[in-house]
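Chain by chain, the residues:
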Amino acid sequence: MAVLCIFISESVFASCVITSPLNSKVGTPIPMVKGEQRLTLSCDLAHPHIFHFPRNFINKSELYRLEVDASVTGTLDTQRSAAPTLTQPIELPSARHAYMLPTGAASYYLDIEAQFDRALYPSISSVPDFYAFNTIHTLTLSAFAGFCFALAIYVGVLGNSMRSLGFYSYSFYVASAAIFFLLQEGVIYTLLPNVQWLNSIQLSVFFAGLTIFASLRFLDQLLDFKALLKKWQRSALHYLSLIILVLVSVQLVLSSDVSMMINKVMSKLTLVIMAGILSAILYAAYHKVHCAKLVLLGVSIIMVAMLARFYLKDFSPFLQRYGLIIAVTIEALIFAFAAAQKVKKLDNDRMAAFKRAATDPLCHILNRDGWQGAAKVLLDDFNRHGGYITLMFIDVDNFKRINDSFGHQSGDDVLRILAKILKRQCRERDVVGRLGGDEFVVLSYCHSRSQSERLVGRIKARLSNLTIQTPNAQIPVTASVGGVITDTSCKNLDALLQEADRLMYEQKKAHHTKVSQPI
């Protein structure tokens, strides 16, 4: 099949050749110089074909058919005036410059105005093949752009949740890359054919520079270059990216010649930045920075694609044209996954830090600050939706005597076991905490008074007569419980605590006469 395709393609190319300025088959690169120039084509077609080439550096092009063979020398104006029988073939709406060539033998003049020196890759295809190619090309680039914009929105939402500018930089990076390739491949021009500046090299260079600048900002946040690199190393990368951003912004209002010079400078700076970024990523991967291996994979793919774009353009036009698009797609997906993993890690770290700050280290339940924060959330829920709020204040009876008789280690064991008992007696959403010493609190949101009363009664009964086994001894323990149940909206948590504390002391007084003998 490969040999057959080569044979067919050779026969197609042989039917249409470029005779001037070089004698070559259509499909081979033709060197262009900045400004106007003319190519001469000689075709002999058995069926209608479409002659086409990229728009990305061509300001305008016109294809004329000679009714009879002509050989005219001189300037471009002289050639045009000496060929009165020229007719213009049909130009087709496409992401590429495309012209319908009729059947038969004919010669053509192709007048091109190039924005800068670069090789042109013209092609000739049958009508069905061209429309298939054009459709696939447009759909592929549209899907690529849609994919990039979806990732930009997704990571932008993550950035908003984390309040991190680094994730917004990813959104700018991916969106800028998508716009750059849409401009370069002529897809936007297809949608807006009358807006000539969409085909300008200055606009493409601007979005290329914006892509580089935003990608560095994103990686700086993702891998925390501030902590990873030395100050001068990080500053050098940022200054280089800022220079690129300034250059591509200035060249928007300059000539295409200056833009090409800036583009060459930017290419060199980009390679320096990429080398610096790659070194930093390797260093991060060596030190096992989170997501560094994922980022290394994505950047490596881009660097391979960039090298192919610069050095394989004569070897493989396909890789030169589409390799970077494929690489950016893969890299964008890898970076989005890395960003999601980073957010997950930050959330876990934040939650772990909160738990460390809000958890009592002895009993492994909420400490005073943690309990008050969680209790306010539950109280707000009660105030919005109604029901019954239950607050219990719990204090161990004669805890000082336990410490004095069995030692502070045994006292700590008693507190740990009491905390476990309270957690088991309460529901998952109930807020259990230790205020300090031997004082515990429980806040519960119930839907009925009977549910609240059962909870208070269950805890009172469980703590009324305990024997706690510690490594040193069996210790009889009782605790006083003051419980407040209310269905009245309450904004003041301290007022509920004071009332529960008062009720607890009333119960403690009742227990005092029963616990009069030594332990």
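What comes next concerns the included structure. (Residues numbered from 1 in each chain as written. Predicted model: local features only at pLDDT ≥ 70, side-chain atom pairs only at ≥ 80, totals over all residues. Heavy atoms only, no water.)

### Some details on the state of the cysteines
Under the counting rule described, the total for this entry stands at 1 disulfide. The side chain of C16 participates in a disulfide bridge whose partner is C43; the two sulfur atoms lie 2.0 Å from each other. Here C16, found in strand β1 (residues 16-20), pairs with C43, found in strand β4 (residues 35-45); they are 27 residues apart in sequence, far enough to count as distant. Comparing C16 with C43, the two get one shared label, buried. (Disulfide = S-S within 2.5 Å. Helix = DSSP H or I, 4+ residues; strand = E, 2+ residues; numbered from the N terminus. Buried < 20%, exposed > 50% of the residue type's maximum accessible area, 1.4 Å probe, protein only.)

### Overview of the packing of aromatic side chains
On inspection of all chains with the given rule, the structure shows 10 aromatic pairs. Seen from their ring centres, Y173 and F335 are 6.3 Å apart, and the 45 degrees between their planes marks the pair as tilted. With a gap of 162 residues between them, Y173 in helix α4 (residues 165-184) and F335 in helix α11 (residues 317-358) connect regions that are remote in the sequence. Residue F335 is classed as buried on the basis of its relative accessible area of 1%. Through successive ring pairs, a cluster of aromatic residues spans Y170, Y173, F218 and F335. (Phe/Tyr/Trp six-rings, centres within 6.5 Å; stacked < 30°, edge-to-face > 60°.)

### Focus: the packing of helix α6 (residues 201-222) against helix α8 (residues 231-250)
Working note: a packed helix pair is described by the angle between its axes plus the distance between those axes. Closest axis-to-axis distance for the α6/α8 pair is 8 Å, and the angle between their directions is 160 degrees. Of the possible angle classes, the one that applies to α6 and α8 is roughly antiparallel. The element α6 and its partner α8 pack so that their crossing is left-handed. Taking contact as the criterion, the partners of V205, F206, G209, L210, I212, F213, L216, R217 and D220 in α6 are, on α8, R234, L237, H238, S241, L242, I244, L245, V248 and S249. (Axes fitted to C-alpha atoms, helices over the stretch in contact; angles between N-to-C directions. Parallel < 35°, antiparallel > 145°, perpendicular 65-115°, else oblique. Left-handed = near helix turned anticlockwise from the far one by under 90°. Contact = heavy atoms within 4.5 Å.)

### A few points about helix α15 (residues 449-462)
With 14 residues, α15 should cover 20 Å at 1.5 Å per step; its first-to-last C-alpha distance of 20 Å lies within 8% of that length. Of all the positions in α15, only S452, L455, V456 and I459 are classed as buried. Buried positions in α15, seen along its axis, are confined to an arc of 90 degrees and lie on one side of it. Facing away from the buried side of α15 by over 90 degrees, the exposed positions are R454 and A461. (Expected span 1.5 Å × (residues − 1). Arc of directions from axis to C-beta.)

### What about the environment of Q451?
Tracing the sequence through the fold places Q451 in helix α15. Its relative accessible area of 23% is what places Q451 among the partly exposed residues. Remark: the alpha-carbon pair of Q451 and Y388, spanning 63 residues in sequence, is separated by 8.9 Å. Not counting residues up to four positions away in its chain, the partners in contact with Q451 are R427 and C446.

### A few points about the packing of helix α13 (residues 399-406) against helix α14 (residues 408-425)
Closest axis-to-axis distance for the α13/α14 pair is 6 Å, and the angle between their directions is 135 degrees. When the interaxial angle is binned, α13 and α14 end up oblique. In this structure, α13 uses F399, I402, N403 and F406 to contact α14, whose residues at the interface are H408, S410, G411, V414 and L415. Looking at side-chain class alone, the contact of α13 with α14 contains 5 nonpolar, 4 polar and no charged residues. (Nonpolar A, V, L, I, M, F, W, Y, C, P; charged D, E, K, R; others polar.)

### Focus on unusual backbone geometry
Following S20, the chain continues into P21 via a peptide bond in cis, with omega recorded as 10 degrees. Within the fold, P21 resides in the loop between β1 and β2 (24-25). Not every positive phi belongs to a glycine, and K288 is a case in point at roughly 60 degrees. Despite not being glycine, C291 has its phi angle at roughly 75 degrees, a positive value.

### A word on the sheet that holds strand β13 (residues 388-396)
The strand order across the open sheet built from 4 strands is β14-β15-β13-β18, with neighbouring strands paired in antiparallel fashion. Unpaired on one side and paired on the other, β14 (431-436) and β18 (479-486) mark the two borders of the sheet. Averaged over all pairs of adjacent strands, the angle between their axes in this sheet comes to 20 degrees, without regard to strand direction. Summarising the sheet, β13 and strand β15 (residues 439-446) pair through 8 bridges and their orientation is antiparallel. Among the inter-strand pairings, M392 is bridged to a residue of β15, identified as V442. Contacting β13, β15 and β18, α15 crosses the sheet at an angle of about 10 degrees to β13. (Pairing = 2+ DSSP bridges.)

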